Amino acid sequence: MDAVTTEVQTRVSPHRTRGVLLVLGAAVGFGSSGPLAKPVMSAGFTPQQVAAVRVGLAALVLLAGVAAVRPRLLRVRKDQLPLLFAYGLLGVGGVQLCYFAAIGRLPVGIAMVLEFTSPVLVALWVRFVRGTRMPGPAWFGTAMAMLGLAMIAQVWQGLRLDAIGLLAGLGAAVCSAAYFLLGERGAGAHHPLGLVTWGMVIGAVSIFVLVPPWTLPVGALGHGTELGVPVWTLLIAVALFSTAMAYLLGITALRFVPSTVASVLGLAEPVVATALAWLVLHESLSPVQLVGAAVLLSGAAVVELGARVPVA
């Protein structure tokens, strides 16, 4: 056996299956945000305002709940502050702001593909910065997953280049990679609930700097939506289910699976989003998208199974 072990070998755990299920649960939560938020945007909210409400409300609920039930989880040492601020600014606020900036200048499919190149960035960081060798199937499976993602997004439709949009999309990818890498590091030093709570608070403050609360269209909260419920109901669902719960599941998962595997499994998010848009919003799915979903999920499975194979 080579002296350099794989990322996964250093994190062998009898609860690996639990970690995989937690990542997939987080992907379902994150993936539901689009279908739930789209009717809100149709009712008068901009994407940036939806992001501000979802993160701000999630931060408020988490902070109040944890302070009431387990206040000791909110205690932070000075040496832990850099990680918390980086996680909140990049993994929470940065992802939201960069992605919405990208979709404002690029087709949504292209912006989504740019953001979800994060598994490649995670793999490169682990290999060349940490110096950890990864098994061949991990690279092959990641490439498969990226191909499937491009097919789901159908990036060839309406393809156009915008320099600022491209930079914003790449910024979203960097922030998404930071979410996994910083979350993996933080999960070993913090309780997931405390880490996510402070991450949400810091992320909310960063977003509110650009989208002040007093600019939100409060009058639209009572408007009806195509789903038959008022706007405020969907915003609560996005904040609690698609944000607070999804982040908590994702961070907890990083206690059991490495960031290289979690980031690829997290690509199930666009599959969930596309499927829910079909079921809930009655958006059509093309044969190419269905094949793309199969390719993406197959690639994720290759990464998960291949990561268990020792590097010779």
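Not measured: the values here are computed from a predicted model.

Things to note about the overall build of the chain
In step 1: Secondary structure summary: the chain contains 13 helices and zero strands in total.
In step 2: Against the globule reference of 20 Å for 312 residues, the chain gives a C-alpha radius of gyration of 19 Å, in line with a compact fold.
In step 3: Entry remark: accessible area of the chain is about 13,700 Å², with carbon and sulfur atoms responsible for 71%.
In step 4: The chain carries 18 positive and 10 negative side-chain charges, and their two centres are separated by 10 Å.

So, the side chain of Ser118
In step 1: Position of Ser118 among the secondary structure elements: in helix α6 (residues 118–129).
In step 2: Residue Ser118 is classed as buried on the basis of its relative accessible area of 1%.
In step 3: With sequence-adjacent residues up to four places away left out, Ser118 is seen in contact with Ala173, Ser176, Ala177 and Phe180.

Here's the deal with the nonpolar core
Proteins that are soluble and globular tend to have nonpolar side chains buried together.
In step 1: Grouped together as the largest cluster of nonpolar side chains are 84 residues, with contacts concentrated most on Phe45, Tyr87, Leu149, Met200, Tyr247, Ile251 and Leu267.
In step 2: Met200 has contacts with Val55, Ala58, Ala59, Leu62, Val92, Thr243 and Tyr247, leaving out every residue within four places of it along the chain.

Some remarks on the pattern of salt bridges
In step 1: In total, this model carries two salt bridges according to the counting rule given.
In step 2: Here Asp79 makes a salt bridge to Arg77, at a shortest N to O gap of 3.0 Å.
In step 3: Residue Asp79 is classed as exposed on the basis of its relative accessible area, which comes to 55%.
In step 4: For the salt bridge of Arg130 with Glu184, the shortest nitrogen-to-oxygen distance reads 2.9 Å. With a gap of 54 residues between them, Arg130 in the loop between α6 and α7 (136–153) and Glu184 in helix α8 (residues 163–187) connect regions that are remote in the sequence.

Notes on the packing of aromatic side chains
In step 1: Overall, the coordinates contain six aromatic pairs when judged by the stated rule.
In step 2: With a centroid separation of 4.8 Å and an interplanar angle of 70°, the aromatic rings of Tyr179 and Phe180 are classed as edge-to-face. Neither residue differs from the other here; Tyr179 and Phe180 are each classed as buried.
In step 3: The rings of Phe30, Tyr87, Tyr179, Phe180 and Tyr247 are connected pair by pair, giving a single aromatic cluster.
In step 4: Cation over ring: Arg127 sits above Phe128, and NZ or CZ is 5.6 Å from the ring centre.

With respect to the environment of Val231
In step 1: Summarising the element assignment, Val231 is placed in helix α10 (residues 231–253).
In step 2: Considered as a pair, Val231 and Pro39 are 192 residues apart in the sequence and their alpha carbons are 7.8 Å apart.
In step 3: With sequence-adjacent residues up to four places away left out, Val231 is seen in contact with Val40, Ala43, Phe45, Ala220, Leu221, His223 and Thr225.

As for the confidence of the model for the chain
In step 1: For the chain, mean pLDDT is 86; residues scoring 70 or higher make up 92% of the total.
In step 2: Long-range and interchain partners of residues 1–12, a stretch whose pLDDT sits below 50, account for 37 contacts in this model, where long-range means more than four residues apart.

Brief notes about the environment of Ala239
In step 1: Within the element layout of this structure, Ala239 appears in helix α10.
In step 2: Accessibility expressed as a relative area gives 0% for Ala239, which makes it buried.
In step 3: Sequence separation of Ala239 and Ala51 is 188 residues, and the distance between their C-alpha atoms is 9.1 Å.
In step 4: Not counting residues within four places of it along the chain, the set of residues in contact with Ala239 comprises Arg54, Leu57, Ala58 and Ala244.

Examining the layout of surface pockets
In step 1: Computed from the structure, the largest pocket encloses a volume of approximately 1,200 Å³.
In step 2: Lining of the largest pocket is provided by 50 residues; of these, Gly34, Tyr99, Met112, Glu269 and Ala273 occupy positions nearest its centre.
In step 3: Across the lining of the largest pocket, the residue classes break down as 30 nonpolar, 15 polar and five charged.

So, a nonpolar patch on the surface
In step 1: A cluster of nonpolar side chains, namely Val120, Leu121, Leu124, Phe128, Trp139 and Val174, defines an oily patch on the protein surface of about 520 Å² accessible area.
In step 2: The element best represented in the nonpolar patch is α6, accounting for four residues.
In step 3: Within the secondary structure layout, Phe128 lies in helix α6.

What counts, and at which threshold
Residues numbered from 1 in each chain as written. Predicted model: local features only at pLDDT ≥ 70, side-chain atom pairs only at ≥ 80, totals over all residues. Heavy atoms only, no water. Helix = DSSP H or I, 4+ residues; strand = E, 2+ residues; numbered from the N terminus. Rg over C-alpha atoms; globule rule 2.2 N^0.38 Å. Areas by Shrake-Rupley, 256 points an atom, 1.4 Å probe, with all protein chains shown as cover. Lys, Arg positive; Asp, Glu negative; His and termini not counted. Charge placed at Lys NZ, Arg CZ, Asp CG, Glu CD. Buried < 20%, exposed > 50% of the residue type's maximum accessible area, 1.4 Å probe, protein only. Contact = heavy atoms within 4.5 Å. Core = buried A, V, L, I, M, F, W, Y, C linked by side-chain atoms within 4.5 Å. Salt bridge = Lys/Arg side-chain N within 4 Å of Asp/Glu carboxyl O. Phe/Tyr/Trp six-rings, centres within 6.5 Å; stacked < 30°, edge-to-face > 60°. Lys NZ or Arg CZ within 6 Å of the ring centre and 35° of its normal. pLDDT = per-residue confidence, 0-100. 1 Å grid on protein atoms, 1.4 Å probe; cavity = no way out; pocket = protein on both sides within 12 Å on 5 of 7 lines; lining within 4 Å. Points joined across faces, edges and corners; volume = space filled by probe spheres on them. Nonpolar A, V, L, I, M, F, W, Y, C, P; charged D, E, K, R; others polar. Patch = residues over 30% accessible without salt bridge, like charges linked within 9 Å, V, L, I, M, F, W, Y side chains within 5 Å.

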